[in-house]
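Single-letter residue listing:
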Amino acid sequence: YNNRAYPDNIDVLQNLLKKRLEMANLLGHTSYAAYLLQNRMAKTPETVWEFETGLKDALKEKAQKDYDELLETKRTRVSDATMINGWESSYYSNLLKKEKYELDGEEVKQYFALDDVLQGLFSITQTLFNFEYREIKDPSVWNPDVRLFEVYQDKKLKGRFYLDLFPRDNKYGHAACFPLRNGKLTPDGYKIPTASLVCNFPSATEDKPSLMSHSQVNTLFHEFGHVLHHMSTTANLYAQSGTNVSRDFVEAPSQIFENWTWNYDALKLFAKHYETREVLPQSLFDKMLASKNVGSGMAASGQVFLGTYDMTLHDKYDPNGTETTTDVLKKVQADITLVPYVEGTHFQTAFNHLTGYGASYYGYLWSKVYAQDMFSVFDHNGILDTTTGIRYRDIILASGSSKDELQLVVEFLGREPNNEAFLKELGL
């Protein structure tokens, strides 16, 4: 699996890195990262390096604790085990959740029927942002399963979104919000935005509704965060409206919404057994919460590893020298992760983010830090507090990139941002 596209893409990647460096040098920059980041929230490679190094150090203790816990689980089956290999960490993590934390994912699913989850998502977001969603009957759509909604604010049409939630042949295989039209000011007035939310949740059967795992509920809330970003825009320019923000900030307005799926007061609104209509028991939620941060340190360290590898190739690596991208991979993995490099593998040949996300992978964790910091305001004021929701809507979502994103975050927080809420969410 970690030799997909090998050996062909080794040369493709090397040439890509050479051309990117050549381009950056022609434009007066020392590296491709220096060229690219000038238009990102981070602005400079030095800021990203400080971010990655700080997280690497902050995560060490939790990552080691996670690793030791997995190793103990492995030793119940392989008594003389001394290490966890990369290919078995997910297996032992699942066993750990089931045996130590007694969490059965199939039991959890019974409380998350898709229709209930949608109703909860709509109720929460309409309350927070003073929105109203109206479904269009018999819309013109590309598949009978697709639904169309209009978004109103103070009785004025704000935007439209499609829901395309179930799998079918030849459909996009993941979950994503696709902007179909951005909001913009024209001589004829403001052109409202349109978006499509595309997912692949389980279809209903003859005897059961569509039942979602909690992870899928999390995904729906996350992607709907992008929809809300798109719908809320008031930016005059197409290129600055909705989700047209810096790549290292665009995930923050979606990541923040994952928090509502981990709040019992929010879940009580819609998490009901599909047969008995019993609300998700507090005891089951406590198990979910207890297992939430199983492996969180290792997972976050894994993200730091990927971001650091990407930045190393685009800021500190000489593609015209003798060192190979595999040499770099071995060194970075040994420095950051507890799971050893497997000799003979070439993970980088299928690491697609090195193309479209070159010198940008750090953005996943970067935006998560800002998302958690902004959520801390909701956590303090109340997760259904409309006043906080409208402030967030008008300052963060409506502005797009018409203002510097860091300035918007500072305005919403009323202070400089920090990573305290992010580390707390990881269990640190």
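Residues numbered from 1 in each chain as written. Predicted model: local features only at pLDDT ≥ 70, side-chain atom pairs only at ≥ 80, totals over all residues. Heavy atoms only, no water.

Notes on the pairing of strand β7 (residues 194-198)
Here's step 1: The element β7 is extensively covered by neighbouring structure, given that 5 of its 5 residues are classed as buried.
Here's step 2: Burial along β7 is two-sided: T194, S196 and V198 and A195 and L197, pointing in opposite directions, are all buried.
Here's step 3: Strand direction decides the pairing type here: strand β3 (residues 156-164) and β7, joined by 5 bridges, are parallel. Residue pairing for β7: F161 is matched across the bridge by A195.
Here's step 4: Judged from the 5 bridges that link them, strand β4 (residues 176-181) and β7 form a sheet pairing that is antiparallel. Opposite C177, over in β7, you have L197 as the bridge partner. (Buried < 20%, exposed > 50% of the residue type's maximum accessible area, 1.4 Å probe, protein only. Helix = DSSP H or I, 4+ residues; strand = E, 2+ residues; numbered from the N terminus. Pairing = 2+ DSSP bridges.)

So, the side chain of T349
Here's step 1: Among the structural elements, T349 can be located in the loop between α12 (325-336) and α13 (353-356).
Here's step 2: Take T349: its relative accessible area is 6%, and that puts it in the buried class.
Here's step 3: Separated by 2.6 Å, the side chain of T349 and the backbone oxygen of R4 make a polar contact.
Here's step 4: Here H346 takes part through its backbone oxygen, which lies 2.8 Å from a polar atom of the side chain of T349.
Here's step 5: Contacts of T349, omitting those with residues within four sequence positions, involve N3, R4, A5, Y6, N9 and I10. (Polar contact = N/O pair within 3.5 Å; in protein donor to acceptor, adjacent residues only side chain to side chain. Contact = heavy atoms within 4.5 Å.)

Focus: the nonpolar core
Here's step 1: F112, F161, W260, M374 and I396 are the most contacted members of the largest nonpolar core, which totals 101 residues.
Here's step 2: If you tally residues by element for this core, the top one is helix α14 (residues 363-381), at 9 residues.
Here's step 3: What F161 contacts, discounting residues up to four positions off in sequence, is F122, Y133, R147, L148, F149, V151, A195, F224, V227 and M231.
Here's step 4: Core analysis: the next-biggest nonpolar cluster, separate from the first, contains 13 residues, I84, Y92, Y101 and V339 among them. (Core = buried A, V, L, I, M, F, W, Y, C linked by side-chain atoms within 4.5 Å.)

Brief notes about the packing of helix α6 (residues 114-129) against helix α7 (residues 214-231)
Here's step 1: For the pair α6 and α7, the least separation of the axes is 11 Å and the interaxial angle reads 40°. By the angle between their axes, α6 is oblique relative to α7. Viewed along their axes, α6 and α7 form a crossing whose handedness is right-handed. Each of L114, V117, L118, L121, F122, I124, T125 and F129 in α6 lies in contact with α7, whose residues at this interface are V217, L220, F221, F224 and L228.
Here's step 2: Considering only residue class, the contact of α6 with α7 consists of 12 nonpolar, 1 polar and no charged. (Axes fitted to C-alpha atoms, helices over the stretch in contact; angles between N-to-C directions. Parallel < 35°, antiparallel > 145°, perpendicular 65-115°, else oblique. Left-handed = near helix turned anticlockwise from the far one by under 90°. Nonpolar A, V, L, I, M, F, W, Y, C, P; charged D, E, K, R; others polar.)

Considerations on the environment of A398
Here's step 1: Examined against the element boundaries, A398 turns out to sit in the loop between α15 (386-397) and α16 (405-413).
Here's step 2: Of the residues examined, A398 reaches a relative accessible area of 3% and is grouped as buried.
Here's step 3: Measuring from C-alpha to C-alpha, the distance between A398 and L228 comes to 9.4 Å, with 170 residues separating the pair along the chain.
Here's step 4: With near-sequence residues (within four places) excluded, A398 lies in contact with S232, T233, T234, A235 and R393.

Some details on unusual backbone geometry
Here's step 1: Between Y6 and P7 the backbone carries a cis peptide bond, its omega angle lying at 10°.
Here's step 2: Looking at the secondary structure, you find P7 in the segment before α1 (8-26).
Here's step 3: If you check the backbone angles, A5 has positive phi at about 65° while not being a glycine.
Here's step 4: The topology assignment puts A5 in the segment before α1.
Here's step 5: In this model, D154 sits at a positive phi of 55°, which is unusual for a non-glycine residue.
Here's step 6: Take D154: it is sitting in the loop between β2 (147-153) and β3.
Here's step 7: Judged by relative accessible area, D154 falls into the exposed class, the value being 59%.

Some remarks on the sheet that holds strand β1 (residues 131-135)
Here's step 1: The mixed open sheet is built from 5 strands, whose spatial order is β1-β2-β3-β7-β4. Two strands close off the open sheet at either side, each with one partner strand: β1 and β4. When the angles between neighbouring strand axes are averaged without regard to direction, this sheet yields 25°.
Here's step 2: One ladder, built from 5 bridges, connects β1 with β2; its direction is antiparallel. Its bridge partner lying in β2, F131 is registered against Q153.
Here's step 3: Strands in contact with α7 are β1, β2, β3, β4 and β7; relative to β7, the strand with the most contacts, it is inclined by about 175°.

Let's talk about the pattern of salt bridges
Between side chains of opposite charge, pairing is possible as soon as their charged atoms come close.
Here's step 1: In this structure the tally under the stated criterion is 22 salt bridges.
Here's step 2: Across the salt bridge formed by E106 and K109, the nearest N and O atoms sit 3.5 Å from each other. Taken together, the positions of E106 and K109, both in helix α5 (residues 105-109) and 3 residues apart, correspond to about one turn of that helix.
Here's step 3: Residue E150 pairs with R160 through a salt bridge whose shortest N-O separation is 3.5 Å. Taken together, the positions of E150 in strand β2 and R160 in strand β3 put the pair 10 residues apart, joining distant regions of the chain. (Salt bridge = Lys/Arg side-chain N within 4 Å of Asp/Glu carboxyl O.)

Topic: the pairing of β3
If a strand is regular, its side chains alternate between the two faces of the sheet.
Here's step 1: Where β2 and β3 come together, 7 bridges link them in antiparallel fashion. Among the inter-strand pairings, Y152 is bridged to a residue of β3, identified as L157.

Structural notes on the packing of aromatic side chains
Remark: the centre distance and the inter-plane angle together describe each pair of aromatic rings, the angle taken between the planes.
Here's step 1: Applying the stated criterion across every chain yields a total of 34 aromatic pairs.
Here's step 2: For the ring pair F305 and F347, a centre distance of 6.4 Å and an interplane angle of 40° mean the geometry is tilted. With F305 in helix α11 (residues 296-316) and F347 in the loop between α12 and α13, the pair connects residues that are 42 residues apart, well separated along the chain.
Here's step 3: Looking at F305, the relative accessible area reads 9%, which means it is buried.
Here's step 4: A centroid spacing of 5.6 Å and a plane angle of 10° characterise the contact between Y357 and Y364, whose relative ring orientation is stacked.
Here's step 5: Overall, the relative accessible area of 25% leaves Y364 in the partly exposed class.
Here's step 6: Grouping aromatic residues by their ring pairs yields a cluster made of F129, F131, F257, W260, F375, F378, Y392 and F412.
Here's step 7: Taking the ring centre of Y152 as reference, the NZ or CZ of R134 above it sits at 3.8 Å.
Here's step 8: One residue, K316, lies across the ring of W49, its end atom 4.0 Å from the ring centre. (Phe/Tyr/Trp six-rings, centres within 6.5 Å; stacked < 30°, edge-to-face > 60°. Lys NZ or Arg CZ within 6 Å of the ring centre and 35° of its normal.)

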